[in-house]
Each structure stands twice: as C-alpha cells, then as structure tokens.
Amino acid sequence: VATSRLKRSRSGADTSTLAQFEQEFGPAQTLYLQTTFRNPQRIADVASRFISRNPSQLSKSVVSHRRDAGQPIVIVRVPNQAALHKALRDHLTHLAAQSPGSSVDILGRYRRDRQFVPRGPFDGLTVTFRTIHAAKGLEADHIILPNLTTGTYGFPSRIDDDPVLRLAMAG
C-alpha cells in the first residue's frame, strides 16, 4: 500500500501528487492532455501563459483543433466597483448588437459576485451567471469575468480554506 506525505493546497487540490508521482509510487508513464477541442489557439496560448506562472505546474504545450475567430480577450478596466455595472451593461449591449443569438456566461469567483450582473434582458443574448467552479465543463459563446481584482475575494482568493472544505478534508 502506497501512502503519500504530500500537503494539499489552499483549495484542497494537491498538484504535487502529480508532479512527484514517480517519487512517491515508483516508475510510471506520463501522458499529457495537450489538445483542446473547446478553445481556439489564441485562448489556449493566453491560458497557458497564465497557468505556467504557477511554479508547480507541469510544463506542456496545448494545441487547439479550432480555428481562431475574432478578438480572443477584451480587457475593460473600471475605476471602481460602482462603474462595473455600467461597463457590463455596455458590453452586453455591444455583444447583443454584434453577436445576436449568442450565449454569454458571466463567471464569478463566488456566488456573491452575482451582484455585479446587470438586471434585465439583453435582446438576442442568453445571459447566465455561474461561479467559476459551477462552469467547469460548460461552454458559452462569450465569457465575462467581471470582478478580477486582488484581495480577499479576488483571483486568486486570499481565503485560506473554505469552511465547508475544512469539514470535508481531514487535517
């Protein structure tokens, strides 16, 4: 029986288990999932640059099977949270005019981020709020991340452990 002495990260995940698998459990074959069918190459490249900043991340090169289409990422800066509602409303209005019939997921780090979503319908768009974790495995034509800030509830979160996670994970 193999046992692991590795620590878990703040979110409960333990990336070192994969990185140190052979040291813990012996010789193994490593297979990398390096093809994405979901994202165009420009999105895969941006995501790879972001993820590679994690020093414990396993290095790999992701290749897309999808054609690039349109501008992959648009960054809109606002001076404060009060200006966020107007910026989101303006962007959704723009998307409704440019991409009628599109689906839009507005993703928050926590459910409390729902407060940033403008009320009311946007003709021609299907707009859904989800948390980042609830959106795993799902797709939308457009993704909006409205509260990319630092701080306690930011990206990454400064909350060491979620209280529910502490109940579920043994010390």
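So, here is what we can say about the structure in this document. Keep in mind the model is a prediction, meaning the values are calculated, not measured.

Rules and cut-offs
Residues numbered from 1 in each chain as written. Predicted model: local features only at pLDDT ≥ 70, side-chain atom pairs only at ≥ 80, totals over all residues. Heavy atoms only, no water. Helix = DSSP H or I, 4+ residues; strand = E, 2+ residues; numbered from the N terminus. Expected span 1.5 Å × (residues − 1). Buried < 20%, exposed > 50% of the residue type's maximum accessible area, 1.4 Å probe, protein only. Arc of directions from axis to C-beta. Contact = heavy atoms within 4.5 Å. Pairing = 2+ DSSP bridges. Axes fitted to C-alpha atoms, helices over the stretch in contact; angles between N-to-C directions.

Time to look at helix α4 (residues 84–98). For α4, with 15 residues, the first-to-last C-alpha span of 21 Å sits near the 21 Å given by 1.5 Å per residue. Of all the residues in α4, the buried ones are L84, L88, L92, L95 and A96. Across the axial projection of α4, the buried residues extend over an arc of 105°, all falling on one side. In this structure, α4 carries K86, A97 and Q98 as exposed residues pointing more than 90 degrees from its buried face. Tucked into the core, α4 has its buried residues touching β3 (103–108), β4 (126–131) and β5 (142–144).

Take the sheet that holds β5 next. If you walk across this open sheet you meet the three strands as β4-β3-β5, and the pairing is parallel. With partners counted over all chains shown, the strands left at the sheet margins are β4 and β5, one partner each. Here the strands of the sheet are splayed against their neighbours by 25° on average, with no regard to which way each runs. By the bridge criterion, three bridges tie β3 to β5 in an arrangement that is parallel. Paired with I106 across the two strands is I144, which belongs to β5.

Function-wise, these values are silent; they only describe arrangement.
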